[in-house]
Amino acid sequence: MNKIAYKVLALKYRPKDFKELIGQDIMVETISNSIKLGKIPNAYLLTGIRGVGKTTTARIIAKALNCNKHFD
């Protein structure tokens, strides 16, 4: 049987950076400022009900912290 390649919509439209996050303005500003200043905390605690973007935000934070480019 042939395998059909498909991507789940939740993953297809997942935000890729802080600019694409919707409804998380204060958190995005706080985290991006701490990364720009180089004052990164030991941990981030993301809480909320299902579907508010905890995993997406965690992925974007990890991507930003592992990035070799410097923020201007």
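Grouped burial of nonpolar side chains is what soluble globular proteins tend to show. Within the largest apolar cluster, eight residues are counted, these being Phe18, Leu21, Val28, Ile31, Ile35, Ile60, Ile61 and Ala64. Going through the elements one at a time, helix 2 (25-37) and helix 3 (54-65) are the ones with two or more residues in this core. Beyond its immediate stretch of four places on either side in the chain, Phe18 contacts Val28, Ile31, Ile35, Ile60, Ile61 and Ala64.

Time to look at helix 2. Taking 1.5 Å as the rise per residue, helix 2 with 13 residues should run 18 Å; its terminal C-alpha atoms sit 18 Å apart, in good agreement. Every buried residue of helix 2 is accounted for by Val28, Ile31, Ser32, Ser34 and Ile35. Taken end-on, helix 2 shows its buried residues confined to a sector of 160 degrees, consistent with a single buried face. In this structure, helix 2 carries Asp25, Ile26 and Leu37 as exposed residues pointing more than 90 degrees from its buried face. Two residues or fewer past helix 2, Gly38 is found with a positive phi of approximately 80 degrees.

Our focus in this paragraph is a nonpolar patch on the surface. Taken together, Ile4, Tyr6, Val8 and Leu11 make up a surface patch of nonpolar side chains, about 480 Å² in accessible area. Tracing the backbone through its elements, the reader meets Ile4 in the segment before helix 1 (9-12). The exposure class of Ile4 is exposed, given its relative accessible area of 71%.

Criteria and cut-off values
Residues numbered from 1 in each chain as written. Predicted model: local features only at pLDDT ≥ 70, side-chain atom pairs only at ≥ 80, totals over all residues. Heavy atoms only, no water. Core = buried A, V, L, I, M, F, W, Y, C linked by side-chain atoms within 4.5 Å. Buried < 20%, exposed > 50% of the residue type's maximum accessible area, 1.4 Å probe, protein only. Helix = DSSP H or I, 4+ residues; strand = E, 2+ residues; numbered from the N terminus. Contact = heavy atoms within 4.5 Å. Expected span 1.5 Å × (residues − 1). Arc of directions from axis to C-beta. Patch = residues over 30% accessible without salt bridge, like charges linked within 9 Å, V, L, I, M, F, W, Y side chains within 5 Å. Areas by Shrake-Rupley, 256 points an atom, 1.4 Å probe, with all protein chains shown as cover. Salt bridge = Lys/Arg side-chain N within 4 Å of Asp/Glu carboxyl O.

Keep in mind these numbers describe shape, not what the thing actually does.
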